[in-house]
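Close look at the chain arrangement
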Amino acid sequence: MRSLSGRLLTAASVVLAAFLGLTGLSLDQAFRDSLQAAVQDRLQAQVYMLLGAAELDGLGRLTLPQALPEARFSTPDSGLYADVMDGQGALIWHSPSLLGLALPFFPALRNPGETAFAPLDSSDGTPLFVLAFTVNWEVAPNQYRLLTFRVAEAQWNYRDQLWSFRRGLWGWLLGATVVLLAVQGMILRWSLKPLRRVAAEVTDIEAGRRAGLSSDYPEELQPLTTNLNALLGHSRAHLERYRHALADLAHSLKTPLAVLRGTLDNGASSAELRQILGEQVERMNRTVDYQLQRAAASGRIALSAPLPVTPVARKILDSLAKVYAERAPCLRCEIDPATVFYGDEGDLMEILGNLADNACKWCQRQVVVRAHPADHGGRRELVIEVEDDGPGIPEGQAPLLLGRGQRADPSVAGHGIGLAVVRDLVEEVYYGRLDIDRSTLGGARVRARLRFQANGD
Amino acid sequence: MRILIIEDEAPLLERVAAQLRAQGYAVDTAANGRDGLYCGQEYPLDAAVVDLGLPDLSGIDVIRRWRSGGQRFPVLILTARGRWQDKVEGLEAGADDYLVKPFHMEELQARLRALIRRTGGWTQAVLCCGPVALDTGAQQLTLEGQVVELTAYEYKLLEYLMLRAGTVVSKTELTEHLYEEDADRDSNVLEVLVGRLRRKLDPGRDLNPIETLRGRGYRFRLERSNA
């Protein structure tokens, strides 16, 4: 079943049907038991009445008056019958109502005061309730005779009452089921309305009619909608970065191409051509490198798991130890193993790799990589610091190195495009800040502050 | 020095090979990963230049197989992908250095020289043993500060011996490392070259920088002044 409301409605219907069915059966059983108890009480009273009316005649035989207090005993086929049997099961007396009929066989009771009650059929098949009561009748002083009084009542009245009750009971239960299911359906419709709204809004997003999901969803859906919005934002930012990178790439390549075209048109000498060609090829290469690396940044990934920083930093430092094996700088990693980064591993490698590579290029002997979490106005930050003991960067040069305010010219001698790529990653993708100052080691200290929201995205 | 280049771009392969040959290297080439893997396993190489984006067997896999097979020669990777993730992957696989395409030939040569020097335990570009100083960057020999002219083969032979200063180098090893696989090899040429080097390095016949160990080979016997 693919519909949520279908599933919920089916489950609710099954539970409701089971509950109401069991309730109906229990009530039916209880009513039947109480009806039978009432019949038994009534028959018991009739037995007592017969006992009171019974007498012994002069011959010691049991007699009962022709006109009994209960008129139905005197009317044939009235539905109320009685007889009396002796200890051997021989019939001593029966009521006039039993004319032409016989009460069904009923095991003779052996002990005085014993009562038996059962639903049985008469000789003509009429369903009856029969109650038998045994007494020890004193027929002469110290001489007793075992007698069993039996009273039976036709089940017509009982069945009428039972059917009437059942009609009422099941009718009400069915009505209640229909009403409850209708209410359930309405509740489901109301409860699932936000989900339908999500689907409608996603359709609108696909059609380009809206940019993201609304924010006024019930709290159970908030994590879903917030993360969906973050995912949408992430892919939009990614696309934007690609677009900008391509636009910048096209723009930046056209200038050296124009220079080359101009040189060709001017009929430059072979040596001049060679020099200009070399310069422009180098320029184009740097531009392509920079823009491609910038575009390749993945950015903060919605739903991304926290990534421990230490293993990534160790990988980078191990790689640099190989590359700079001749100079053998002392590369220290001072990062708490619990420090984590919320984003793409490739981005973290790019930041750490470029900063540590620059530090290795310029250091005399020492490079230190540090990272620690921080708080910035309620938003979590990861602060990455890379220091060296090289010549450092003169004051006033840092903004130039970081290329602030420049769009796509990363050419700063000695630092390659690494620093510019890191700046773009930190400031444009992770909305943080990249700063350069002097390290206590004597050289430069580059500090990258990467910002994350409270939930890590 | 014998170098293997694995590169699937034929023009680039030819250009790099030609320039390295011009620098005095014996160069073997392979245009795909499988051939390159075989060459690395079978030839006595001093270094290898491996492009990462090879068609059949990636450069990373080639390096991993060499390293797991016990090949220890230094490997320089060439990659068009400048991301640190790719560089780290290559270096973790067993490469010793990387170069991002496009590159200057001078940069490639400098990196290769540094890698080869490192294998011999040298950290400086100038190999100094007593009065003999060999500048591997400028490919220039000086004896007590005076420049000594060398032919290309004399330079190759001296560089190989000085990089392994103090250790015995057999004639077979010298032949294998100085000549390409299909080159015409004549051990008499080696003896002539060693003789000429001795005369240039030791005009006074009192230094004896290259000693002959009969049946075993040659040894550059002057002690390293820097490392």
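Refer to the preceding data block for the structure.
Reference entry: report on the structure contained in this document. (Residues numbered from 1 in each chain as written. Chains lettered and ligands numbered in written order. Predicted model: local features only at pLDDT ≥ 70, side-chain atom pairs only at ≥ 80, totals over all residues.)

1. With respect to the overall build of chain A
Stated precisely, the cut-off is as follows: A run of DSSP states H or I qualifies as a helix once it reaches four residues; a run of E qualifies as a strand once it reaches two. Both are numbered from the N-terminal end. Remark: C-beta atoms are placed from the backbone, and a residue is labelled buried if 20 or more other C-beta atoms sit within 10 Å of its own, exposed if 12 or fewer do, or partly exposed between those counts. Note that contacts rest on C-beta atoms placed from the backbone: two residues are in contact if these are within 7 Å.
Helix and strand counts for chain A come out as 9 helices and 14 strands. Taken across its 457 residues, chain A has 23% of its residues classed as buried. Considering only contacts in chain A between residues 6 or more positions apart, those separated by 24 or more positions represent 62%.

2. What to know about the packing of helix α6 (residues 309-323) of chain A against helix α7 (residues 345-362) of chain A
All names here are of chain A. Worth spelling out the cut-off: With axes taken as lines fitted to C-alpha atoms, and helix axes fitted only over the stretch in contact, angles between N-to-C directions fall between 0 and 180 degrees. For classification purposes, an angle smaller than 35 degrees is called roughly parallel, one larger than 145 roughly antiparallel, one from 65 to 115 roughly perpendicular, and anything else oblique. Crossings are sorted by hand: turned counterclockwise from the far helix by less than a right angle, the near helix makes the crossing left-handed, and turned clockwise it makes it right-handed. The residue classification treats Ala, Val, Leu, Ile, Met, Phe, Trp, Tyr, Cys and Pro as nonpolar and Asp, Glu, Lys and Arg as charged. All others, Gly included, are polar.
Look at α6 against α7: their axes get within 10 Å of each other, and the N-to-C directions meet at 40°. By the angle between their axes, α6 is oblique relative to α7. Viewed along their axes, α6 and α7 form a crossing whose handedness is right-handed. Packed against α6, whose contacting residues are Val309, Val312, Ala313, Ile316, Leu317 and Leu320, the element α7 presents Glu345, Leu348, Met349, Leu352, Gly353, Ala356, Asp357 and Cys360 at the interface. Its residues placed into classes, the contact of α6 with α7 shows 11 nonpolar, 1 polar and 2 charged.

3. Here we look at the interface of chain B and chain A
Listed by partner, the interface residues are 14 residues for chain B and 15 residues for chain A. Of all the elements in the fold, those that place two or more residues in the side of chain B that touches chain A are α4 (84-93) and α5 (105-119) of chain B. The biggest single contributor to the side of chain B that touches chain A is α4 of chain B, with 6 residues. Of the residues that constitute the side of chain B that touches chain A, the class distribution is 5 nonpolar, 3 polar and 6 charged.

4. Digging into helix α4 (residues 222-265) of chain A
Residues and elements named next belong to chain A. The cut-off we apply is this: One less than the number of residues in a helix, times 1.5 Å, gives the span that helix is expected to have.
Across its 44 residues, α4 extends 63 Å between first and last C-alpha, which sits within 8% of the 64 Å expected from 1.5 Å per residue. Among all positions of α4, only Thr225, Ala245 and Ser252 are buried. Immediately beyond the C-terminal end of α4, within one or two residues, lies glycine 267, with a positive phi of roughly 65°.

5. Comments concerning the nonpolar core
Spelled out, the test is: Joining buried Ala, Val, Leu, Ile, Met, Phe, Trp, Tyr and Cys residues through C-beta atoms within 7 Å gives a set, and that set is a nonpolar core.
Formed by 105 residues in total, the largest nonpolar core has its most connected members in Ile316, Leu352 and Ala356 of chain A together with Ile3 of chain B. The greatest single-element share of this core, amounting to 8 residues, is contributed by α7 of chain A. Setting aside residues no more than four positions away along its own chain, alanine 356 of chain A makes contact with Ile316, Leu317, Leu320, Val367, Val369 and Val386 of chain A. In terms of nonpolar packing, the next biggest core, distinct from the first, is built from 20 residues, Leu103, Phe129, Leu131 and Phe149 of chain A among them.

6. A few points about the sheet that holds strand β9 (residues 330-335) of chain A
All names here are of chain A. Put simply, the rule is: When DSSP finds two or more bridges between a pair of strands, those strands are recorded as paired.
Reading across the sheet, the 5 strands line up as β9-β11-β12-β14-β13 and stay open at both edges, with mixed pairing between neighbours. On the outer flanks of this sheet lie β9 and β13 (433-438), each paired with one strand and no other. Across the sheet, the mean angle separating the axes of adjacent strands is 20° when strand polarity is ignored. Alignment of β9 against strand β11 (residues 366-376), held across 6 bridges, turns out to be parallel. Bridge pairing links cysteine 333 to valine 369 in β11. Relative to β9, α6 is tilted by about 175°, and along the sheet it contacts β9 and β11. Against the sheet, helix α9 (residues 418-429) contacts β13 and β14 (444-452), and its axis sits at roughly 125° relative to β13.

7. Brief notes about the pairing of β14 of chain A
Residues and elements named next belong to chain A. The sheet contact formed by strand β12 (residues 379-388) and β14 spans 8 bridges and is antiparallel. For glutamate 387, the partnering residue across the bridge sits in β14 and is arginine 445. Relative to β14, β13 runs antiparallel, the two sharing 6 bridges. Of the residues in β14, the one forming a bridge with aspartate 437 is arginine 445.

8. Brief notes about unusual backbone geometry
Residue and element names in this part refer to chain B. That bond from lysine 101 to proline 102 is cis: its omega, -5°, falls within 30 degrees of zero. Looking at where proline 102 falls in the secondary structure, it is placed in the loop between β5 (97-100) and α5. Backbone geometry at glutamine 139 places phi at a positive 50°, although glycine is not the residue there. Locating glutamine 139 in the fold gives a position in the loop between β7 (132-135) and β8 (140-143).

9. Focus on the sheet that holds strand β3 (residues 80-86) of chain A
Residue and element names in this part refer to chain A. With antiparallel pairing, 5 strands are arranged side by side in an open sheet as β4-β3-β7-β6-β5. Bordering the open sheet on either side are β4 (91-94) and β5 (115-121), each of which pairs with just one other strand. Here the average twist between neighbouring strands, direction ignored, is 25°. With 12 bridges connecting them, strand β6 (residues 127-140) and strand β7 (residues 143-154) associate as antiparallel partners.

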